[in-house]
Amino acid sequence: MAWVNIGNFLERFKDLKPPKQFVRDEVAEAVRRILNISIESEEIELRGGILYIKTKNSALKNQIFMRKHQIMEELS
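Numbering of residues starts from 1 in every chain and runs along the sequence as written. In keeping with the predicted nature of the model, local features appear solely for residues at pLDDT of at least 70, side-chain atom pairs appear and are counted solely at 80 or more, and the whole-chain, interface and lining totals rest on all residues. By convention in this description, side-chain values take in all heavy atoms of the structure and omit both hydrogens and water.

(A) Region of interest: the nonpolar core. Only buried residues count toward a nonpolar core, which is a set of Ala, Val, Leu, Ile, Met, Phe, Trp, Tyr and Cys residues joined through side-chain atoms within 4.5 Å. Per-residue accessibility, obtained with a 1.4 Å probe over protein chains only, is compared with the maximum for each type, and a residue is labelled buried under 20%, exposed over 50%, and partly exposed between these values. Ranked by size, the top nonpolar core spans 12 residues in total: Val23, Val27, Ala28, Ala30, Val31, Ile34, Leu35, Ile39, Ile44, Leu60, Ile64 and Ile71. Counting only elements with at least two residues in this core, the list comes to α2 (20-35) and α3 (58-66). By the criteria applied, helices consist of DSSP H or I runs no shorter than four residues and strands consist of E runs no shorter than two, each listed in order from the N terminus. With seven residues, α2 is the largest single contributor of residues to this core. For Ala28, the residues in contact, after removing those within four places along its chain, are Ile39, Ser41 and Ile44. We call two residues in contact when some of their heavy atoms are within 4.5 Å.

(B) Geometry of the pairing of strand β1 (residues 44-47). For β1 and strand β2 (residues 50-53), the ladder comprises four bridges, and the chain directions are antiparallel. Across the sheet, the residue bridging to Arg47 is Ile50, located in β2. Being paired, for any two strands, means DSSP has found at least two bridges between them. Counted along the chain from β1 to the antiparallel partner β2, the turn is two residues long, and its residue Gly48 has a positive phi close to 60°.

(C) Structural context of unusual backbone geometry. Despite not being glycine, Asn36 has its phi angle at roughly 60°, a positive value. In this fold, Asn36 is placed in the loop between α2 and β1.

(D) Main features of the packing of aromatic side chains. Under the pairing criterion, centres of Phe, Tyr and Trp rings, with the six-membered ring standing for Trp, must be within 6.5 Å; the plane angle then separates stacked pairs below 30 degrees from edge-to-face pairs above 60, leaving the rest tilted. Applying the stated rule across the entire model yields zero aromatic pairs. Consider the ring centre and the ring normal. A charge sits over the ring if Lys NZ or Arg CZ is within 6 Å of that centre and within 35 degrees of that normal. One residue, Arg47, lies across the ring of Tyr52, its end atom 4.1 Å from the ring centre.

(E) Spotlight on a negative patch on the surface. Among the surface-exposed residues, Asp25, Glu26, Glu40 and Glu42 lie close enough to one another that they form a single negatively charged patch. Of note, Glu26 is situated in helix α2. Patches draw on residues past 30% relative accessible area with no salt bridge. Two like charges within 9 Å are joined, as are two nonpolar side chains (Val, Leu, Ile, Met, Phe, Trp, Tyr) within 5 Å. Residue exposure ignores everything except the shown protein chains as possible cover, and the areas themselves are Shrake-Rupley values with a 1.4 Å probe. Any Lys or Arg side-chain nitrogen found within 4 Å of a carboxyl oxygen on Asp or Glu counts as a salt bridge. A positive count includes Lys and Arg, and a negative count includes Asp and Glu. His and the chain ends are not counted in either. By convention, charge coordinates are those of NZ in Lys, CZ in Arg, CG in Asp, or CD in Glu.

As structure tokens, this is what we get:
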């Protein structure tokens with residue numbers, strides 16, 4: 001009987017999502033680890049489940065695009 005109540009309680013947290021700032025910090029850290037390039041978390045935006053990295057450096061954009069699968073694996 002107690003397990004049923006615990007299961008119902010934990011069901012509330014099933015769809016809990018991390019705060020946006022946490023996600024931005026983790027993406028910045030993953031990019032730093034993989035590309036050895038530092039980007040600020042303020043350059044990263046999360047809208048509708050899609051990450052946008054705002055930078056005017058076209059070489060950095062290209063490197064991120066070419067290694068996006070590796071960055072995504074690092075995040076998961």
